[in-house]
Amino acid sequence: MSTVISVTNQKGGVGKTTTAVSVAYYLAKAGHKTLLIDFDPQGNATSGLGIDKQKLDENGTMSEVMLETKLLQEVIMQTKQKNLDLAPATSQLANSEVELAKASRRFTRLKNAINNTQGYDYVIIDNPPSLSLLTVNGLIAARYVLLPVQAEFYALEGLGQLLETMKLVRKNMNPTLDLVGVLPTMVDSRTTLSSQVHEEIKKHFPGKVFKTVIPRNIRLAEAPSHGVPIGVYDRFSKGARAYKSVTKELLERVAA
Ligand SMILES: Nc1ncnc2c1ncn2[C@@H]1O[C@H](COP(=O)(O)OP(=O)(O)OP(=O)(O)O)[C@@H](O)[C@H]1O
Ligand SMILES: [Mg+2]
């Protein structure tokens, strides 16, 4: 069975996609067969891996998977990176979410799709910035939540709502859902605000915050426009090294 990790934060632009793509890459690089599911209608993980969204509609995307007109297996594509596959998404996923709202088994479709797909050690889900039906599917399908938190003043605002949703999901659908770690992102070590927020995050989530933090690093912002993960774009950059080390911590936490 695969270990499913949902990268979740309903706040926009906190580094979910960067984290999902980078961690998926380093898991694959370490020899783990990994599937990255782009579960956001923005399709950032898809384009970040160099896939032309114009050409996807024949092949099918997560939209068809959620409407159950295609199997997850059928829409999965190989990437240029060894051991790393992608289930792509386009803006179609937003339309399917509307249809899904009145469909049967609407909360468990992603979970079923993943359960019917064999051969992966890790499945990483890149969730959209909302507490929508899609995100709830992502939480129900997952064993773990990885929560990226941007080191800025409003970082903790809204997280209570996410934790409340996780509690509900645990109670009703997925009792083993666990927060595997909180990852401070875009940390600027030169500013006191950044370190204050980091301290605040640690106070709020005792024992849950990754030892590694992700620095603000321009190379991380550049990589998607080249269609490759940071580990390929500039593997010696600060951002690459941080994500490599986060992946190592993640593997330790999952094994524990
Ligand atoms: N550590 C970093 N340093 C510098 N830029 C970063 C870093 N992490 C992410 N970025 C950039 O910040 C922007 C937002 O990051 P990203 O897309 O990963 O966030 P997100 O949470 O997935 O956003 P959304 O909620 O829209 O899906 C992107 O342009 C990304 O390239
Ligand atoms: Mg994103």
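Given the structure is predicted, the values throughout are model-derived calculations rather than measurements.

Calculation rules
Residues numbered from 1 in each chain as written. Chains lettered and ligands numbered in written order. Predicted model: local features only at pLDDT ≥ 70, side-chain atom pairs only at ≥ 80, totals over all residues. Heavy atoms only, no water. Axes fitted to C-alpha atoms, helices over the stretch in contact; angles between N-to-C directions. Helix = DSSP H or I, 4+ residues; strand = E, 2+ residues; numbered from the N terminus. Parallel < 35°, antiparallel > 145°, perpendicular 65-115°, else oblique. Contact = heavy atoms within 4.5 Å. Nonpolar A, V, L, I, M, F, W, Y, C, P; charged D, E, K, R; others polar. Near = heavy atom within 4 Å. Polar contact = N/O pair within 3.5 Å; in protein donor to acceptor, adjacent residues only side chain to side chain.

(A) Fine view of the packing of helix α6 (residues 92–100) against helix α8 (residues 133–141). In contact at an axis separation of 10 Å, α6 and α8 are set at 85 degrees when each is read in the N-to-C sense. Considered as vectors, α6 and α8 are oriented roughly perpendicular to each other. Judged by residue contacts, L93, E97 and L100 of α6 engage L133, L134 and N137 from α8. For the contact of α6 with α8, the residue count by class is four nonpolar, one polar and one charged.

(B) How the structure looks around the site of ligand 1. Taken together, 18 residues form the shell around ligand 1, and within it K16, T17, T18, P215 and N217 come nearest. A distance of 2.9 Å separates an oxygen atom of ligand 1 from a polar atom in the backbone of G13. One nitrogen or oxygen atom from the main chain of G15 is found 3.0 Å from an oxygen atom belonging to ligand 1. For the shell around ligand 1, the secondary structure elements donating two or more residues are α1 (16–29) and α11 (218–222). Among the elements that line the shell around ligand 1, the one with the most residues is α1, at three residues. Its residues placed into classes, the shell around ligand 1 shows seven nonpolar, seven polar and four charged.

What is shown is where atoms sit, not what they do.
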